[in-house]
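# Summary of the model geometry
Spelled out from the first residue to the last, the chains are:
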Amino acid sequence: MTRLTRPDLDALPDYVPGRTVAGAVKLASNEVPYGPLPGVVEASAEALRTSHRYPDMGVTALRDRIGAWLGVDAARVVTGCGSVALAEILVKATCLPGDEVIYSWRSFEAYPIIAAGVGATSVRIPNTAAHGHDLTAIAEAITDRTRLIFVCNPNNPTGTYLRKAELDRFLAGVPSDVLVVLDEAYKEFVTDADVPDGVEVYGDRANVVVLRTMSKAWGLAGLRMGYLVAPPEVAAALRKVVTPFSTNLVAQAAALAALDAEDEVRRRCALVVDERDRVTAELRKLDLEVPDSQANFVWLPLGERTSAFAAACEEGGVIVRAFHPEGVRVTIGTPAENDLFLAAAAAFRS
Ligand code: PMP
């Protein structure tokens, strides 16, 4: 048969979404369990009234709002159809075929797919024994073909995090022609004061982009809404390659409504953080290794026991995310959902 698509794509892993199973609790996609924020449904419904028209392609009102909120010029804010789409245009805007993208492994599973999409070469740096980023090895892996480095902080799926002193040191050593993308998808769940806010601390660096999502703490996963803060020239280049109108009408309206509910976001994140700490403590009582997490999930580095643990959870009515043979990532849900998961974990251990 005549081949129409690139043969290298055959070797590429599929992006595996968290599964939904009827009747089971889903703790597999790092969503916050408390429903849409107040005002979001109404604003979305209102936006639908003009859904026969294209949305504002410049995303003006929302970018202005995000810029004012973060204290940066709106020209530096770029929005997209989820932060995953923004990660994609970052690679598209920086890499030619054969250029290198460095990231930790494990980290966010879309990075390899995105890199391969433009024919860039993935350079994966194994995590440390403590399941976190190995910044020394990442720095050593930089070559003259390196164009972009993803640093996910806190890291998905391990929940591990980098402190300001480590990041300062690392960023100081990165050549000025390499773009560092700080992926802060889980930033809102950070409680350790040593973990830097990328926009506040590194926002003015010429080669740093801070990537954020409204899918997690802000509850807009189904509407696909991500944003980033980039140096002005980088933002301008990104706008050239972004898919036109990819921040849709409803997403723009919903994001504005969500930003009005920031107090409620903080309240929900505090609940999640309390539960994260409780779940971590309970799992440790079962003699399971759980690295400290600053995200809305915990990581169990179960190795060969990964699939068996995930199956035991499913038997107990809970869907978790298995990355066999490395470990299981479990999203923090409501207290009742977490209790169900803890019961399944206890049953696995007994
Ligand atoms: N970055 C990280 C680290 C993530 O975990 C995710 C979602 N799993 C994303 C980016 C993408 O999120 P979204 O496309 O929903 O904004």
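Here we summarise the structure given alongside this text. Since the model is a prediction, treat every value here as computed from it, not as a measurement.

### A closer look at the site of the ligand
- Around the ligand, a shell composed of 13 residues is seen, among which Ser83, Tyr186, Thr213, Ser215 and Arg224 lie nearest.
- Asp183 has a polar side-chain atom sitting 2.7 Å from a nitrogen atom of the ligand.
- Contact distances for the ligand include 2.5 Å between an oxygen atom and a side-chain N or O atom of Thr213.
- Calculation on the ligand without its partners gives an accessible area of 400 Å², and the protein chains cover 93% of this total.

### Description of unusual backbone geometry
- Cis geometry marks the peptide bond from Trp105 to Arg106, where omega comes out at 5 degrees.
- Following the sequence through the fold, Arg106 ends up in the loop between strand 3 (100–105) and helix 4 (110–117).
- Going from Asn156 to Pro157, the amide bond is cis rather than trans, its omega being 15 degrees.
- Turning to its location among the elements, Pro157 is positioned in the loop between strand 5 (146–152) and helix 6 (164–173).
- In this structure, Arg224 is a non-glycine residue whose phi angle is positive, near 65 degrees.
- Relative to the assigned elements, Arg224 resides in the loop between strand 7 (208–213) and strand 8 (226–229).
- Despite not being glycine, Asp287 shows a phi value in the positive range, around 65 degrees.
- By the secondary structure assignment, Asp287 is in the loop between helix 10 (262–285) and strand 9 (297–300).

Here is what the cut-offs are and how they apply
- Residues numbered from 1 in each chain as written.
- Predicted model: local features only at pLDDT ≥ 70, side-chain atom pairs only at ≥ 80, totals over all residues.
- Heavy atoms only, no water.
- Near = heavy atom within 4 Å.
- Polar contact = N/O pair within 3.5 Å; in protein donor to acceptor, adjacent residues only side chain to side chain.
- Areas by Shrake-Rupley, 256 points an atom, 1.4 Å probe, with all protein chains shown as cover.
- Helix = DSSP H or I, 4+ residues; strand = E, 2+ residues; numbered from the N terminus.

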